[in-house]
Every structure is written in C-alpha cells, then in structure tokens.
Amino acid sequence: MKSQRCEVLATELDEAGLGVGLSAGRRIHVADLLPGERAEVAIDHDSPHKPEGWGRVVRRLGPASPNRVQPKCPGWGRCGGCVWQHLSYPAQLEAKHARVAKALVHLGVTVAPVHPSPALFGYRNKGKYVVGLAGKHLVLGAYAPRTHAVVDTLGCKVVAPIIDELASWVRGAAEAADLVPYDEKARTGELRYVILREAKGDVMVALVVATGTPRVKLEQVANALSRHPALRGLVAITNDRRDGAIVPSGSSAQVLLGHGHITEELAGVSIAVGAAEFLQVNRAQATAMYARVAELAREAGGTRALDLFAGLGGIGLHLARGGATVTSVELDREAVAQLRRAAERANLPLRAIAGDAGDLSREDLGDPDIVVVNPPRKGLSDGARALLAQLAPPTIVYVSCGPESLGRDLAALAPAYRADVIEPFDLMPGTPQVETVVRLRRHTPAG
Ligand SMILES: C[S@@+](CC[C@H](N)C(=O)[O-])C[C@H]1O[C@@H](n2cnc3c(N)ncnc32)[C@H](O)[C@@H]1O
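Residues numbered from 1 in each chain as written. Predicted model: local features only at pLDDT ≥ 70, side-chain atom pairs only at ≥ 80, totals over all residues.

When helices and strands are tallied, the chain shows nine helices and 22 strands. By the compact-globule yardstick of 22 Å for 447 residues, the chain fits well, its C-alpha radius of gyration being 23 Å. Overall size of the chain, expressed as C-alpha extent along the three principal axes, is 65 × 60 × 35 Å. Taking all 447 residues of the chain together, 47% fall into the buried category. (Helix = DSSP H or I, 4+ residues; strand = E, 2+ residues; numbered from the N terminus. Rg over C-alpha atoms; globule rule 2.2 N^0.38 Å. Buried ≥ 20, exposed ≤ 12 C-beta atoms within 10 Å, placed from the backbone.)

Set out below in structure tokens:
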C-alpha cells in the first residue's frame, strides 16, 4: 500500500529529536528534518489518539538549515542512536535549553545556559551492542528505529576509540568461535548483547548469552581477546528474558578472564564497576555536574546530606568529599556494596543503604538538611514524594534526566519549595538528552 504523503515545514524539534511541522492541522514528526527545512514526507504512522503522525523525508524542498552539519558516524541515520549529529552544537544546546525552559516555565525562574560537554565525540565510556546477522556475518550494532533489524555500529565515533577497537575484536572472536547470534523472534541462538566499559584506558567486556551457550565457545573468545593489551576482564551473563532487559537485575556474571569489574574514579575515590551498574557515560561532564551539585549543597549550608537514587555514589562521594556526612540510598544491591567498600577505603563519612527510596521513612534516615534526588527518567514515585514531604529538608537539589517529569515533580513540590538555581548540563552531545540541576529552598515552615 502506498503511504499517504504531505508537505511539512519543520518549525521545532520534539523530545525524541525529530523535526515537527503542521500539515492539515496535524503535528507531523519527521527524522532528519530541521526547523526551517521543508520536505515531502511519507506518513508511516498516525496516532489513533491525537492529531499527530510520524513520517520520513521522501524529497527535500528548498534550502537546508544553516544549522545542518555533516554527521560523523558511518551508521548515522540508520542506527537511531545520536539523532542530532546533523545539527550544529550551538543549535543543539539551544534546543536542549528550550526543552528545559518549556518544561519548567511554570516555575517562573530563568534557566541558565546549558553547560556544554567538553567532548562532542569519543565521550562514551560504555558501549552496548545488540548481536545480529548480516548475510553470513555476525554484526554488533543497534536496532534500527522502530524495528528489530540490527544495524552495524562498528566505527561509532561517540564511544571511546578503545571501545570501538575492542568491539571489533569481540565481533571477530565471536564469529571465529562460531557463536550463533540470538534470534529474538525464534528464541534460538547464543550471543545476545555485548557490553564494553572503559576506565583509564582499561576495558572490560560482558557477553550476554542465552542458557546453553557452549562454554568452549566462550573460552575461545576469551583466548582471542586475552591478546589485547587493554582488556582487564571478560564475563558472561546469562539472559533468557523477553522483556528487552539487557542485564536483568540480580544477574550474576561468570568471569572468563581477568576481573569481573573495572576500576573507576568518582570524586577521587576508586570504585569497582561491573557491567550492569548505572554510571553516567560522559565521565568528564558528569564530574563537572557532580562538583556543581556539591557546591550548591555547600552554599546552602548542607552538612547532613541524603543522596536518594545514589547509583555508585557519584553525587554522594562528592558531597562527602565536600565535608558533608552522607546517607546514600540505592535499589541496586551490587552498587550499594561497591559504594560501601569505596567509602570505607577512602575513610569518608558515607553510609549506603540498599532499598527503595519510596519505602523509607524519617526513622530510617534521620533529619537531613539537604536531600539530593537523581531518579530515573520517569521521575519520583508517590512514595519518594511522600518521603520528601515527611523529611521537609530546608534544601533539595533535584538532578534530572527527564525535563518533563522534572516539571511535574517540581509543580507538586511548589507549594513548599521555590527554585533558586536551574542549570542544565549536556552529558550526551548529538542527542536531545539533557540533565538538569535544580536547587529548591523551602519557603514554608516544616509541618
Ligand atoms: C539516574 S540514576 C542516578 C545514579 C547516580 N545518582 C549517578 O549519578 O550515577 C538512578 C538510580 O536510581 C536507582 N533507582 C531506581 N529506582 C529506585 C528506587 N525506587 N529507589 C532507590 N533507587 C532507585 C537506579 O538503580 C539508578 O542507580
């Protein structure tokens, strides 16, 4: 069936980074169409709920935007990863700023300019690859947008070059060992995903495999990779799930070579990181953001700090280094165990608690004078909001990767708190993602 066509002049960018323009009263979202550009578009999907559709460019009409630049990655446009590689960096920062300003307009507070990332390429210290098949060859890549077709992403310019290099070794070694790419539909095959992590030039590799993958094949991969001087560890993680989880929580890793962890540094503290724990991928910019959070906390006089959604403690360790006594709360038990060990070794006053932030109460946490929250993209749960209301700290610093959920959470906190600082940070150049740091001061007495 021939898809419906229309002409679209993009006037803005949406949260996913697509160009958006009106056609016959409908908002049409189009990949690779920048504001100011016009094109004939084929509609692939219409929303059944709203006057909105999604389409692709079939013919460009008129001049390109002055903000259009040449994408650097060979797989750009097919891999679906960095949807803004064709947008100049100043224009990316402007668009990120506009997204935060729109989501937080109700606060009536000026949003500071976005802190730019020190590096625009090679900044990712983690590579995640889906394994697929192209002809007879095993491919490491990513799903093409809206499909389960795997696009080869070797040659990616966004990961640290050593990650791309080792990914290419893993591909060759896995193919030589006859590892069969996993077929999501048929639920057959062996190798599903490959994760690589880099720290200080060292790399660890995790092979995520289906149950029954022959040990001898994994050992053959280990043998081939052992020749690479940067490799510090190789692990295998079994995953038979169908829900898209790459490393299901609670999975254990079988060490095939070297160590199951790599050593990172957070606030100058050495900490062991496995394949699964959450860690910001743009190390330099995350460090700048954590340092700013610690500075905002110090300025507010925060000495008894609570770090909710702590991960491996990027924020908590910076707060403790800045002189605060810290309680960190995190769901991932492995991350909590590593954070405890790291804080103990560095002799820092940081207590790490494993648990759901929404299940805790004042009895568990005492009386902090500053609470830092850094929840997942969907924002705070009802339980976490209730905890903040119960603790009623004089200062909250909210670090968010979801401007829209941040806007909703801050609206809920508005009767008691006023924002005095809003600073976005760009941790993912080339994408519409943006982190926002907001400091909130209590303006009503604690009840
Ligand atoms: C955006 S990450 C932030 C981690 C850390 N602050 C950092 O900068 O690396 C969110 C963290 O919240 C944790 N998490 C998710 N839901 C949680 C919950 N209900 N209670 C506590 N932690 C949770 C995740 O495991 C993840 O480590």
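Another point: the domain arrangement of the chain. Once the domains are mapped, the chain shows domain 1 (5–68), domain 2 (90–119 + 282–442) and domain 3 (126–266). Just the C-alpha atoms count here: the centres of domain 1 and domain 2 sit 35 Å apart. The interface of domain 1 with domain 2 comprises five residues on the first partner and five residues on the second. (Domains from an automatic or database assignment. Contact = placed C-beta atoms within 7 Å.)

Bringing helix H8 (residues 382–391) into the picture now. Within H8, the full set of buried residues consists of Ala-384, Leu-387, Leu-388 and Leu-391. Summarising the axial view, the buried residues of H8 lie within an arc of 100°, below the 170-degree limit, and thus occupy one face. As for H8, its buried residues are in contact with strand S16 (304–308), helix H7 (362–365), strand S19 (370–373) and strand S20 (395–400). Phi turns positive, to about 45°, at Ala-392, one or two residues after H8. (Arc of directions from axis to C-beta.)

As a structural note, the neighbourhood of the ligand is formed by 20 residues, with Phe-278, Phe-309, Gly-311, Leu-331 and Ala-357 the closest of them. At the level of secondary structure, the elements contributing two or more residues to the shell around the ligand comprise helix H5 (314–321) and strand S17 (325–330). Here the shell around the ligand is composed, by residue class, of twelve nonpolar, five polar and three charged. (Near = placed C-beta within 6 Å. Nonpolar A, V, L, I, M, F, W, Y, C, P; charged D, E, K, R; others polar.)

So, on to unusual backbone geometry. A positive phi angle is found at Asp-178, which is not glycine, with a value near 70°. Structurally, Asp-178 is set in the loop between helix H2 (161–176) and strand S10 (191–199).

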